[in-house]
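# Inside the fold
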Amino acid sequence: MLERRPSSRRLQFPEDSALEELPTAGGIGIDRDVSIMAASISGYTFSSVCYHSANSNSDHEGFLLGDVRQEETVSISDTQISSAELLQVVEIHNHDPCAQLFSFYDYAGKVNEENLNSILKDRRKNVIGWYRFRRNTQQQMSFREQIIHKQLTQLLGVPDLVFLLFSFISTANSSTHALEYVLFRPNRRYNQRITLTIPNLGNTSQQEYKVSSVPNTSLNYAKVIKEHGAEFFDKDGVMKDIRTIFQVYSALQDKVQAVCGEVEQSERVKEKIQEDVNKLKQQIALRKRKTAEEERKLREAQNADSHSTPEENTEPSEASLLSRITFHTPSAPERPSTSPNPPSYTDLLSQDDSLLSSSSPPTSAALLPRPQAVGSPGHPTPGPLGMGLGMGLGLGLGLGTSSNPVTTPSTPYLGNGDGSSSDSLDRQAAGQEDDEDDEDDDDDEDEDSSEYENLVSEGAHLPMVSASVLAQGRPAALSPDGDARGSQTT
Amino acid sequence: MAVSAVHLESDAFLVCMNHALSTEKEEVMGLCIGEVEASRIVHIHSVIILRRSDKRKDRVEISPEQLSAASTEAERLADMTGRPMRVVGWYHSHPHITVWPSHVDVRTQAMYQMLDQCFVGLIFSCFIEDKNTKTGRVLYTCFQSVQAQKGSEYERVEIPVHVVPREAIGKVCLESAVELPRILCQEEQDTYRKIHSLAHLDPVTKIHNGSVFTKNLCSQMSAVSGPLLQWLEDRLEQNKQSVLELQQEKEKLLQELAAPLGC
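Basis of the calculations
- Residues numbered from 1 in each chain as written.
- Chains lettered and ligands numbered in written order.
- Predicted model: local features only at pLDDT ≥ 70, side-chain atom pairs only at ≥ 80, totals over all residues.
- Heavy atoms only, no water.
- Helix = DSSP H or I, 4+ residues; strand = E, 2+ residues; numbered from the N terminus.
- Buried < 20%, exposed > 50% of the residue type's maximum accessible area, 1.4 Å probe, protein only.
- Contact = heavy atoms within 4.5 Å.
- Lys, Arg positive; Asp, Glu negative; His and termini not counted.
- Charge placed at Lys NZ, Arg CZ, Asp CG, Glu CD.
- Areas by Shrake-Rupley, 256 points an atom, 1.4 Å probe, with all protein chains shown as cover.
- Phe/Tyr/Trp six-rings, centres within 6.5 Å; stacked < 30°, edge-to-face > 60°.
- Expected span 1.5 Å × (residues − 1).
- Axes fitted to C-alpha atoms, helices over the stretch in contact; angles between N-to-C directions.
- Parallel < 35°, antiparallel > 145°, perpendicular 65-115°, else oblique.
- Left-handed = near helix turned anticlockwise from the far one by under 90°.
- Nonpolar A, V, L, I, M, F, W, Y, C, P; charged D, E, K, R; others polar.
- Buried area = accessible area lost by both parts, 1.4 Å probe.
- Salt bridge = Lys/Arg side-chain N within 4 Å of Asp/Glu carboxyl O.
- Polar contact = N/O pair within 3.5 Å; in protein donor to acceptor, adjacent residues only side chain to side chain.
- Pairing = 2+ DSSP bridges.
- Core = buried A, V, L, I, M, F, W, Y, C linked by side-chain atoms within 4.5 Å.
- UniProt positions renumbered as here; feature names shortened; annotations may be inferred.
- pLDDT = per-residue confidence, 0-100.

### Notes on the overall build of chain B
On a plain count of helices and strands, chain B comes out with six helices and eight strands. Taken along its principal axes, the extent of the C-alpha atoms in chain B is 90 × 55 × 50 Å. Across the 263 residues in chain B, those meeting the buried criterion constitute 61%. Sequence separation of 24 or more characterises 70% of the internal contacts of chain B that already satisfy a separation of 6 or more. Averaging the locations of the 28 positively and 35 negatively charged side chains of chain B gives two centres separated by 4 Å.

### Points about the overall build of chain A
Summing up its helical and strand segments, chain A has 11 helices and nine strands in all. Of all 490 residues assigned to chain A, the portion counted as buried reaches 50%. Taking as baseline every contact in chain A between residues at least 6 positions apart, the subset at least 24 positions apart corresponds to 73%. With an accessible surface of roughly 24100 Å², chain A has 53% of that area assigned to carbon and sulfur atoms.

### Quick look at the packing of aromatic side chains
All names here are of chain B. This structure, assessed with the given rule, holds 22 aromatic pairs over all chains. Ring geometry for F13 against F124: centres 6.3 Å apart, planes inclined by 40 degrees, an arrangement best described as tilted. In this pair, F13 sits in helix α1 (residues 10-20) while F124 sits in strand β5 (residues 120-130), placing the two residues 111 residues apart along the sequence. Just as F13 is buried, F124 falls in that class too. Centroid distance Y192 to F213: 5.2 Å. Interplanar angle 45 degrees. Geometry classified as tilted. Of this pair, Y192 sits in helix α5 (residues 179-196) while F213 sits in helix α6 (residues 203-258), and the two are 21 residues apart along the sequence. Overall, F213 belongs to the buried group, its relative accessible area being 2%.

### Let's talk about helix α2 (residues 64-81) of chain B
In a regular helix each residue adds 1.5 Å, so 18 residues correspond to 26 Å; α2(B) covers 25 Å between its end C-alpha atoms and thus fits that length. Structurally, α2(B) contributes buried residues whose contacts are with β2 (29-36), β3 (41-50), β4 (86-95) and α4 (171-177) of chain B.

### Section: unusual backbone geometry
With glycine set apart, most residues show a phi of negative sign, and most peptide bonds adopt trans. Here the phi dihedral of A:S174 falls at roughly 60 degrees; this positive angle occurs in a residue that is not glycine. The backbone phi angle of B:F127 is positive, close to 60 degrees, even though this residue is not glycine. Position of B:F127 among the secondary structure elements: in strand β5. Residue classification places B:F127 among the buried positions, given a relative accessible area of 11%.

### Structural notes on the packing of helix α5 (residues 240-306) of chain A against α5(B)
One way to put it is that α5(A) packs onto α5(B) with a least axis distance of 11 Å and a crossing angle of 160 degrees. Judged by the angle between their axes, α5(A) and α5(B) are roughly antiparallel. Helix-helix and strand crossings are classified by hand; for α5(A) and α5(B) the assignment is left-handed. Of the residues in α5(B), those touching α5(A) at A:I242, A:F246, A:Y249, A:Q253 and A:Q257 are B:P181, B:R182, B:C185, B:Q189 and B:Y192. Its residues assigned to classes, the contact of α5(A) with α5(B) shows six nonpolar, three polar and one charged.

### Structural notes on the interface of chain A and chain B
Between chain A and chain B, the contact holds 124 residues from the first and 127 residues from the second. Each partner contributes to the roughly 11400 Å² buried at the junction of chain A and chain B, and carbon and sulfur atoms together form 62% of this total. Our count for the chain A to chain B interface comes out at seven salt bridges. Between A:K288 and B:E256 there is a salt bridge, and its shortest N-O distance comes to 4.0 Å. There are 45 residue pairs in polar contact (both at pLDDT 80 or more) connecting chain A and chain B. Mapped by element, the contributors of at least two residues to the side of chain A that touches chain B are α1 (43-55), β4 (83-97), β7 (176-184), β8 (193-194), α4 (219-229) and α5 of chain A. With 33 residues, the single largest contributor to the side of chain A that touches chain B is α5(A). Here the side of chain A that touches chain B is composed, by residue class, of 50 nonpolar, 48 polar and 26 charged. Note: β7(A) against strand β6 (residues 135-147) of chain B, six bridges, orientation antiparallel. For A:L179, the partnering residue across the bridge sits in β6(B) and is B:V138.

### A few points about the side chain of A:K270
Residue placement: A:K270 occurs in helix α5. Buried charge without a salt bridge: A:K270, with A:E267 as the nearest opposite-charge side chain at an N-O distance of 4.5 Å.

### Observations concerning the nonpolar core
Counting 77 residues, the largest nonpolar core has A:F46 and B:L232 as its most contacted members. Considering each element in turn, this core owes the most residues, seven residues, to α1(B). Setting aside residues up to four positions removed in sequence, B:L232 forms contacts with A:V256, A:V259, A:C260, A:V263, B:L174 and B:V178. Counting 24 residues, the second largest nonpolar core, distinct from the first, contains B:M29, B:L31, B:I33 and B:I62.

### Concerning the UniProt feature "coiled-coil region" (unreviewed entry) in chain B
As recorded in UniProt, the feature "coiled-coil region" (unreviewed entry) lies at residues 229-256 of chain B. The annotated region residues 229-256 of chain B carries 100% helix and 0% strand content, and the separation between its end C-alpha atoms amounts to 40 Å.

### Brief notes about the confidence of the model for chain B
All names here are of chain B. Averaged over all residues, the pLDDT of chain B equals 91, while 95% of them reach at least 70. α2 is the least confidently modelled element of chain B, averaging 85 in pLDDT, while strand β1 (residues 5-9) averages 97, the highest of any element. For this predicted complex, the interface score ipTM comes out at 0.94, alongside a pTM of 0.71.

### Concerning the packing of α4(A) against α6(B)
One can describe the packing of α4(A) onto α6(B) by two numbers: an axis separation of 8 Å at closest approach and a directional angle of 45 degrees. On the basis of their axis angle, the class for α4(A) and α6(B) is oblique. Residue-level contacts link A:Y221, A:I225, A:K226 and A:G229 of α4(A) to B:P203, B:V204 and B:I207 of α6(B). Residue composition of the contact of α4(A) with α6(B), by class: five nonpolar, one polar and one charged.

### Let's talk about the pattern of salt bridges
Scanning the model with the defined rule gives 37 salt bridges over all chains in all. Across the salt bridge formed by A:D234 and A:R243, the nearest N and O atoms sit 2.8 Å from each other. Judged by its relative accessible area of 41%, A:R243 is partly exposed. The shortest N-O distance in the salt bridge between B:E175 and B:K171 comes to 3.9 Å. You can see B:E175 and its partner B:K171 sitting in helix α4, four residues apart, about one turn around the helix.

### A closer look at α1(B)
Burial within α1(B) is extensive, with 11 of its 11 residues counted as buried. Buried residues of α1(B): B:S10, B:D11, B:A12, B:F13, B:L14, B:V15, B:C16, B:M17, B:N18, B:H19 and B:A20, and no others.

Here it is in structure tokens:
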């Protein structure tokens, strides 16, 4: 249950408070007075989630750890004596990324409490929410996500568990990318979306320094402030506070450096062990293939002994030809199914296109190469994905590395302008969640997903996409403008 | 065109994001260090955070001294990695405004291209929110400049950019990340020093200015140093955990390898 923390009282005048519509008593076990919600996440945590997402070749998810506080704001107005509003503040301190998808739930969305505990360990009590990163999808919770959310709410005992959804979309030529994020509190009936703020340095303006003193001819004034003000300065005429605060900053910066050094070491250690693990896996895979090859040869030899017809010459050679094709794939395509980490980027780059298209279907949905994603080198994706779409899109689409950086018409959009994406794209692009069929037409009490204007500035020419390519919705577009402030188009 | 695409290593991307999200009240900037491959792909390995001497809105320019210092840094990275590294581009942020480069940005980019035709520009747009749907956005784009004909205005050219996965954060990127609080403090000190040297201020004004310095430094510590330290600690914890798990996996694999075939 939500801990009741001591609430801090703040005096506010009506115009200062931003009131939202009050929910009716529909919340699940939540104090009906808690109406307004604010949420924050540090820029470093946010960037870290982006970083982990960029490193994963499918969807990415994890848990949000932090604090929920309640603040009471008291407003005084002429008409009423006073009214108290409870402001619930969600502070996301850090995130706990999951190494892979389906680590604590299965394809049906059933959460496994044991796995959950082994992932969270003692951080479980700090969980205030969870997050998911998807590519080219709508800004709404999928059906499975909703199911998981309900279970997590129960298991973790957090009635107002939040869900942070990241959605990544790009322009067709991959020159511009957008990461959208929405914070949901799905356990409430109303006002399910909360603004997520990223506290920052804000106003670093140094205009608060005074360059001149207010003119004053009073001798008394000058005398008094000099005499008593002297307390503030040391013998060099420097303000004591300056030195003191600088000490604080210095000590803090030293600590930052020290921990940074430790982190750097741990990164190198981790890298090394990961390399060792990868090598071992390769060795094991190689050995398996060799054994299988040897067994096959043995079988052929046995077959050859039992038949003594002239045709025997062709049979083994045909069989061996077939098996040569089967075992033609080198280690690289197989790596995705054995390694928990995505194949290294350089390996992907060095592969032949034909190798990619002949690879066997990966074993785990989570490890399918992403069609268009952060980090995609623009190689065509393997056959199974492209064929499954039935839209003639050929995901992968020669993005990015086309020689003409001025947009070329050959690449269609992925994802539609209104934030939704065509079903099959959604399935493939979003890490292959198989039972997404049920996710359409979610409960629409919520506002619509964001709308986009066309991503065109005067100079750029966008690809003309044929209607058949985009089976649903209008062409995807990005509008970088969240604000109308400062028109900066070229 | 000289550049076909830009590949940005994810740890460099992380540092850019950190930097861009550090303040919503002004544009931040930095330089990109990396190499240009034979395929005309610009590969960015790390970034350097820069101070902005001219903080006027939309005047993001790099001084020759900064470029020179960055080149030295690039040489250091080259020594460390054994690969030819140099300054290959610049990035800056557009808080609350569109991700597209302004006319000034395009002209600045054109200038750098005169020195190096492979020089690229990155822009990060952040602190954007669609109030209706409560959707926040962070965008990034890559561009170069081109002049349609001699004497005409420069125009933006879109360059494809991809973030390249990198599971471990590189040393140079970590060092760049922790530079930010130091740069902020230096800026504050420089400003204060100028103010402090004004002789005609009365004690009350001096106390006021000293307090402003203290206040600003406190802001920096709570908004930047603190969260940075927290993130570093969390990362350390995560790495320790990963190392444990990887070691267990390694043991298991070694056993499997040692076991007789057919098991």
